[in-house]
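Read off the chains here:
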Amino acid sequence: MADAEGHRRASLAQAERFYADVLSDLLKARVRFLVGGGYAVNAYTGARRPTKDIDIFTTSDELPRLLDCLQQDGRTASMVDERWIGKIHHGANFVDIIFGSSNGLVPVQDQWFRYVQEARVLGHDVPLISPTELIWSKVFVQKRQRHDASDIANVILMQRNDIDWHRLVAYVDKHWEILLCHVLSFRWIYPSERDAIPGWLLDELLDRLERQRKHAAPGTRICRGRLLSSSDYRIAVEKWGFLDATGEHGNDR
């Protein structure tokens, strides 16, 4: 057991040195990027949630320059999915380079960089994705093996004063029911902290729900579940006769 723990610690230290080198190179090259994912959640909540990698967000326009910058010192790049994600590899370790989302609904936009916050990550002062965009990047991650609802609830809890709910509503747009689900989940998880959700937001979302209830359900049998998980809702499309609302896009992350 002691040997296993020692190996785990050594592997983690090696991975963190790799991540720190990547951050250092990005800062030196003045490439536009944001740190997101688990490192951002930890920074905003004070948690120490284990992370298997580090998520670097950038725009699709900046992507080629960023990949070129990082392909040195034995590191290699691969494009996992040309719609939204690449990786930088070094041995068994990797960094996710994210410029969109697998369901096509959450592209990294220039405006994300207007709301940057700064945090100390692995010894470097880095640009951090804002709490608003961090939540937006996670709202559709709901599948059997990975579900980011707890991250969203904890970020709301700890960053309630820095979330721009108007901007978040604009992002979710016609998928406002997803935001309502997260809002209600937060209220249930942290009942003493319900006031973290602005009253106007709950009123607006519930008003949309009430107006929706007055209309008949769609006549076409549609499954939007694959925007959350391609695999978990595949049976609805392949066997139960539902149309796939995602087209060629799903959510495979």
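Owing to the predicted nature of the structure, the values given are computational and were not obtained by experimental measurement.

What counts as what
- Residues numbered from 1 in each chain as written.
- Predicted model: local features only at pLDDT ≥ 70, side-chain atom pairs only at ≥ 80, totals over all residues.
- Heavy atoms only, no water.
- Helix = DSSP H or I, 4+ residues; strand = E, 2+ residues; numbered from the N terminus.
- Rg over C-alpha atoms; globule rule 2.2 N^0.38 Å.
- Areas by Shrake-Rupley, 256 points an atom, 1.4 Å probe, with all protein chains shown as cover.
- Lys, Arg positive; Asp, Glu negative; His and termini not counted.
- Charge placed at Lys NZ, Arg CZ, Asp CG, Glu CD.
- Phe/Tyr/Trp six-rings, centres within 6.5 Å; stacked < 30°, edge-to-face > 60°.
- Buried < 20%, exposed > 50% of the residue type's maximum accessible area, 1.4 Å probe, protein only.
- Lys NZ or Arg CZ within 6 Å of the ring centre and 35° of its normal.
- Salt bridge = Lys/Arg side-chain N within 4 Å of Asp/Glu carboxyl O.
- Pairing = 2+ DSSP bridges.
- Polar contact = N/O pair within 3.5 Å; in protein donor to acceptor, adjacent residues only side chain to side chain.
- Core = buried A, V, L, I, M, F, W, Y, C linked by side-chain atoms within 4.5 Å.
- Contact = heavy atoms within 4.5 Å.
- Axes fitted to C-alpha atoms, helices over the stretch in contact; angles between N-to-C directions.
- Parallel < 35°, antiparallel > 145°, perpendicular 65-115°, else oblique.
- Left-handed = near helix turned anticlockwise from the far one by under 90°.
- Nonpolar A, V, L, I, M, F, W, Y, C, P; charged D, E, K, R; others polar.

1. Structural notes on the overall build of the protein chain
In terms of regular secondary structure, the protein chain is built from nine helices and nine strands. The C-alpha radius of gyration computed for the protein chain amounts to 20 Å, which stays within 12% of the reference 18 Å derived for 253 residues, consistent with globular compactness. Approximately 13,600 Å² of the protein chain is accessible, and the part contributed by carbon and sulfur atoms is 50%. Here the protein chain carries 34 positive and 35 negative side-chain charges, and the mean point of each set is 3 Å from the other.

2. Notes on the packing of aromatic side chains
Here the distance between the centres and the angle between the planes together describe a pair of aromatic rings. Tallied over the full model, the rule gives six aromatic pairs. Centre to centre, the rings of tryptophan 136 and tyrosine 171 are 5.5 Å apart; their planes meet at 5°, and the pair counts as stacked. Of the two residues, tryptophan 136 is situated in helix 4 (residues 131–138) and tyrosine 171 in helix 6 (residues 165–172); the sequence distance between them amounts to 35 residues. Of the two residues examined, tryptophan 136 and tyrosine 171, each falls in the buried class. Feature note: the residues Phe18, Tyr19 and Tyr39 constitute an aromatic cluster, connected by ring pairs. Between arginine 32 and the ring centre of phenylalanine 113, over which it is positioned, the NZ or CZ distance is 4.5 Å. Positioned above the aromatic ring of tyrosine 115 is the side chain of arginine 167, whose terminal nitrogen or guanidinium carbon lies 3.4 Å from the ring centre.

3. Considerations on helix 2 (residues 37–45)
For helix 2, a buried count of eight out of nine residues is recorded, marking the element as mostly surrounded by other parts of the structure. Three or more residues of helix 2 are buried, namely Gly37, Gly38, Tyr39, Ala40, Val41, Asn42, Tyr44 and Thr45.

4. Here's the deal with the pattern of salt bridges
By the definition in use, this model includes 19 salt bridges. Glutamate 177 is the partner of arginine 224 in a salt bridge, and the nearest nitrogen-oxygen pair spans 3.2 Å. Taken together, the positions of arginine 224 in the loop between strand 8 (222–223) and helix 9 (234–238) and glutamate 177 in helix 7 (residues 176–189) put the pair 47 residues apart, joining distant regions of the chain. For aspartate 207, the salt bridge identified is with arginine 211, shortest N-O distance 3.0 Å. Here aspartate 207 pairs with arginine 211, and both are found in helix 8 (residues 199–213), just four residues apart, close to one helical turn. A residue is classified by how much of its surface remains accessible, and aspartate 207, at 39% relative accessible area, is partly exposed. Three or more residues joined by partner-sharing salt bridges are found here, namely Lys138, Arg146, Asp148 and Asp151.

5. Considerations on the pairing of strand 7 (residues 124–128)
Both strand 6 (residues 117–121) and strand 7 contribute to a ladder of five bridges, which runs antiparallel. When the bridges of strand 7 are listed, alanine 119 appears paired with valine 126. Between strand 6 and strand 7, which follow one another and run antiparallel, lie two residues, and leucine 122 among them has a positive phi close to 50°.

6. Observations regarding the side chain of aspartate 25
Relative to the helices and strands, aspartate 25 resides in helix 1 (residues 2–29). Within the structure, the side chain of aspartate 25 is placed 2.4 Å from the side chain of arginine 75, a separation counted as a polar contact.

7. A look at the environment of alanine 47
Tracing the backbone shows alanine 47 in the loop between helix 2 and strand 2 (54–57). Note on alanine 47: relative accessible area 30%, which makes it partly exposed. In this structure the C-alpha to C-alpha distance between alanine 47 and asparagine 154, which are 107 residues apart in sequence, comes to 9.2 Å.

8. A few points about the nonpolar core
If you look at the biggest cluster of nonpolar residues, it comprises 66 residues, and the most contacted ones within it are Ile56 and Trp112. When sequence neighbours within four positions are dropped, the list of residues in contact with tryptophan 112 reads Leu34, Phe57, Val106, Pro107, Ile129, Glu133, Trp136 and Tyr171.

9. Focus on the packing of helix 7 against helix 8
At a minimum axis separation of 10 Å, helix 7 and helix 8 run at an interaxial angle of 125°. Looking at the two axes, helix 7 sits oblique to helix 8. Both helix 7 and helix 8 take part in a crossing whose hand is left-handed. Two secondary-structure elements touch here, helix 7 through Trp176, Glu177, Leu179, Leu180, Val183, Leu184 and Arg187 and helix 8 through Leu201, Leu202, Leu205, Leu206, Arg208, Leu209 and Gln212. A per-class count over the contact of helix 7 with helix 8 returns ten nonpolar, one polar and three charged.

None of the figures reported here should be taken as evidence of function without further support.
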